[in-house]
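Structural features, examined
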Amino acid sequence: SQKIEQNSEALNIQEGKTATLTCNYTNYSPAYLQWYRQDPGRGPVFLLLIRENEKEKRKERLKVTFDTTLKQSLFHITASQPADSATYLCAAGKAAGNKLTFGGGTRVLVKP
Amino acid sequence: DAGITQSPRHKVTETGTPVTLRCHQTENHRYMYWYRQDPGHGLRLIHYSYGVKDTDKGEVSDGYSVSRSKTEDFLLTLESATSSQTSVYFCAISESQSGETQYFGPGTRLLVL
């Protein structure tokens, strides 16, 4: 069955550094990948979407890549801040309105 | 939370009782989803709807049913609650045009004793 995997270990990073998160998928050829942020006790919030024909997408301090050969997406937070501390979820989908498959999320802790 | 409310926000119930969770949206989005989130499993889709009275099963639908009689409301029913259904339940919506991005509600924390 299709699987989306993220590093379950928390990522501890110093303020100002770049945090890099990995999302790998197996038994799947998604049309797009999405990244969401989730704070404790709250629902996920959409951050970025990247399609299979795009290599890279940026939004402010965030950058996401999509490598269909490696079956992997990387999510970067540059110049990280303590306010970036949260859990980040990767999700994959095939078509508009279709079901998303989520990874388990990676918790990021940015230390001042 | 993009005009999405969930009720109740917290509920404690006993094994064997039926439970209904409500998701209400004011965005007039076509698609609505119910997920559960558990440690070690991430978000898993229970059921989804692609229009009024049009619903389909997700990957963990056993023990759950849904109904959508109006665009704005999507109900999730646990027919006979079990302890394994203790979880945090999230509703999400998406538009028909852009389709892909999902907007999530604040969640309902359910404890089945």
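Shown above is the structure to which this text applies.
1. So, the overall build of chain B
What chain B contains, in helices and strands, is zero helices and 11 strands. Taken from the N to the C terminus, the helices and strands of chain B come in the order β-β-β-β-β-β-β-β-β-β-β. The C-alpha atoms of chain B give 13 Å as radius of gyration, which agrees with the globular expectation for 113 residues (13 Å, within 12%). In terms of overall dimensions, chain B has C-alpha extents of about 40 × 25 × 25 Å along its principal axes.

2. As for unusual backbone geometry
For the bond from Ser7 of chain B to Pro8 of chain B, the omega torsion is -10 degrees, close enough to zero to count as cis. One can find Pro8 of chain B in the loop between strand S1 (4-7) and strand S2 (10-13). Although it is not a glycine, Asn27 of chain A sits at a positive phi angle of roughly 55 degrees. Judged by relative accessible area, which is 60%, Asn27 of chain A ranks as exposed. In this structure, Asn28 of chain B is a non-glycine residue whose phi angle is positive, near 60 degrees. For Asn28 of chain B, a relative accessible area of 62% translates into the label exposed.

3. Things to note about the pairing of strand S6 (residues 56-59) of chain A
One face of the sheet, then the other: side chains in a regular strand alternate in exactly this way. All names here are of chain A. Note: S6 against strand S7 (residues 62-67), four bridges, orientation antiparallel. Considered in S7, the bridge of Lys59 is made with Leu62. Two successive antiparallel strands, S6 and S7, enclose a turn made up of two residues, where Glu60 displays a positive phi of approximately 55 degrees.

4. Re the interface of chain B and chain A
Chain B puts 21 residues into the contact, and the matching count from chain A is 20 residues. Both faces considered, chain B and chain A share a buried interface measuring about 1,600 Å² in area, 55% of it formed by carbon and sulfur atoms. Contact with chain A buries surface across chain B, with Leu43, Glu100 and Phe104 of chain B losing the most and accounting together for 33% of the total. Between chain B and chain A we count two residue pairs in polar contact (both at pLDDT 80 or more) in total. For the side of chain B that touches chain A, the elements supplying multiple residues, two or more each, are strand S4 (31-38), strand S5 (42-51) and strand S9 (87-94) of chain B. Residues that form the side of chain B that touches chain A fall into these classes: nine nonpolar, eight polar and four charged.

5. Thoughts on the sheet that holds strand S3 (residues 19-26) of chain A
Two orientations exist for strands paired in a sheet by backbone hydrogen bonds: parallel and antiparallel. All names here are of chain A. Ordered in space as S1-S3-S8-S7-S6, the five strands form an open sheet in which the pairing is antiparallel. Taken across any chain shown, the strands that pair with only one partner, and hence form the sheet edges, are strand S1 (3-6) and S6. The sheet shows a mean angle of 15 degrees between the axes of neighbouring strands, direction not considered. Bridging between S3 and strand S8 (residues 72-77) involves six bridges; their strand directions are antiparallel. When the sheet's bridge partners are listed, Ala19 is paired in S8 with Ile77.

6. Description of the nonpolar core
Formed by 23 residues in total, the largest nonpolar core has its most connected members in Ile4, Leu21, Leu33, Trp35, Phe75 and Tyr88 of chain A. Elements represented by at least two residues in this core include exactly S3, strand S4 (32-38), strand S5 (45-51), S7, S8, strand S9 (86-93) and strand S11 (106-111) of chain A. Once residues within four sequence positions are removed from consideration, Ile4 of chain A is found in contact with Cys23, Asn24, Tyr25, Tyr28, Cys90, Ala92, Thr101, Phe102, Gly103 and Gly104 of chain A. By size, the runner-up hydrophobic cluster in this structure holds 19 residues, among which are Met32, Phe74, Leu78 and Ala81 of chain B.

7. Here we look at the packing of aromatic side chains
Under the counting rule described, the total for this entry stands at 13 aromatic pairs over all chains. Ring geometry for Tyr25 of chain A against Phe66 of chain A: centres 6.0 Å apart, planes inclined by 85 degrees, an arrangement best described as edge-to-face. Note that Tyr25 of chain A is positioned in strand S3 and Phe66 of chain A in strand S7, a separation of 41 residues in sequence. Overall, Phe66 of chain A belongs to the buried group, its relative accessible area being 5%. Aromatic pair Tyr35 of chain B and Phe104 of chain B: ring centres 5.6 Å apart, planes at 40 degrees, arrangement tilted. Of this pair, Tyr35 of chain B sits in strand S4 while Phe104 of chain B sits in strand S10 (residues 103-104); the two residues are 69 residues apart in sequence, bridging distant segments of the chain. Feature note: the residues Tyr36, Phe46 and Phe102 of chain A together with Tyr33, Tyr35, Tyr48, Tyr50 and Phe104 of chain B constitute an aromatic cluster, connected by ring pairs.

The rules behind the values
- Residues numbered from 1 in each chain as written.
- Chains lettered and ligands numbered in written order.
- Predicted model: local features only at pLDDT ≥ 70, side-chain atom pairs only at ≥ 80, totals over all residues.
- Heavy atoms only, no water.
- Helix = DSSP H or I, 4+ residues; strand = E, 2+ residues; numbered from the N terminus.
- Rg over C-alpha atoms; globule rule 2.2 N^0.38 Å.
- Buried < 20%, exposed > 50% of the residue type's maximum accessible area, 1.4 Å probe, protein only.
- Pairing = 2+ DSSP bridges.
- Contact = heavy atoms within 4.5 Å.
- Buried area = accessible area lost by both parts, 1.4 Å probe.
- Polar contact = N/O pair within 3.5 Å; in protein donor to acceptor, adjacent residues only side chain to side chain.
- Nonpolar A, V, L, I, M, F, W, Y, C, P; charged D, E, K, R; others polar.
- Axes fitted to C-alpha atoms, helices over the stretch in contact; angles between N-to-C directions.
- Core = buried A, V, L, I, M, F, W, Y, C linked by side-chain atoms within 4.5 Å.
- Phe/Tyr/Trp six-rings, centres within 6.5 Å; stacked < 30°, edge-to-face > 60°.

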